[in-house]
Amino acid sequence: MIEKISLKAVSTITYALIIFLMLMTTIILGGLPWIIKSIVTIDIGSGYQPIIASPGLYRYFLFFLYTAGVLAFLILNDLRRLFKSCLLEQIFVKENVNLLLRMAILTFLITLLFLTKVFVVNSLMTMAVSFVFFMASVFCLVLTLLFDRAVQYKLENDLTI
Amino acid sequence: MGKIVINLDVMMARRKKSLKDLAAEVGITNANLSILKNNKAKAVRLQTLEKLCESLQCQPGDLLVYEEEQE
């Protein structure tokens, strides 16, 4: 069944999806202050109020979401480059090993960022997202090591005449 | 610790074979034969070695020589 799935077709669809997500991230980051003011509410003792009612929390959320957004954008960009190499059929190359390592570091930074939120405004969702990004970071690290080994095998195979 | 040296250029000169002709006879690309000739290869398939010996009318020992590394 795996032979029927075209790598090029899957890579093209994923590449297009990543471009769309990068575009949406840029738009959301651009309008973040207004989005936070209109959507985010917080309970400060007298019922749910817009986040702007607490300037300190508003600034924290702005910093938190901007940082998470930029890190997410960088991860998406690395993913885009990874899938672009799949489209060019240059999968097992040293550059992809470096990209995966970078993604592992970036996802770990998002984990740390969400952990700070646990101490500021905690929720079950925050802890769940921290855990998910931590697992993603570990997964990327494992992929980095696998790809590194694959690159070594490919190089040996390429230089076997 | 020594290394295996491939004396392909010596045998090619003796048999007056060009890179292009030898690559065509052996069934590998010019680039791959060039890698072999310049001692950049990591490994050689027995099938390739057989075809090289057949084409250059020689023994594997004429092509592959073990040399000790000079310290």
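Residues numbered from 1 in each chain as written. Chains lettered and ligands numbered in written order. Predicted model: local features only at pLDDT ≥ 70, side-chain atom pairs only at ≥ 80, totals over all residues. Heavy atoms only, no water.

The next point concerns the overall build of chain B. Helices and strands together make up the secondary structure of chain B, namely five helices and two strands. Element order for chain B, N to C, with α for helix and β for strand: β-α-α-α-α-α-β. The globule rule puts the C-alpha radius of gyration for 71 residues at 11 Å, and the 12 Å found for chain B is close to it. When the backbone C-alpha atoms are referred to their principal axes, chain B occupies close to 40 × 20 × 20 Å. Each of the 71 residues in chain B was classed as buried or not, and the buried ones make up 28%. In chain B, once contacts between residues fewer than 6 apart in sequence are set aside, the share between residues at least 24 apart is 65%. When the accessible surface of chain B is summed, it comes to about 4900 Å², and 48% of that surface belongs to carbon and sulfur atoms. (Helix = DSSP H or I, 4+ residues; strand = E, 2+ residues; numbered from the N terminus. Rg over C-alpha atoms; globule rule 2.2 N^0.38 Å. Buried < 20%, exposed > 50% of the residue type's maximum accessible area, 1.4 Å probe, protein only. Contact = heavy atoms within 4.5 Å. Areas by Shrake-Rupley, 256 points an atom, 1.4 Å probe, with all protein chains shown as cover.)

What the rule picks out here adds up to one cavity of 30 Å³ or more. One number sums up the size of the largest cavity: a volume of about 30 Å³. (1 Å grid on protein atoms, 1.4 Å probe; cavity = no way out; pocket = protein on both sides within 12 Å on 5 of 7 lines; lining within 4 Å. Points joined across faces, edges and corners; volume = space filled by probe spheres on them.)

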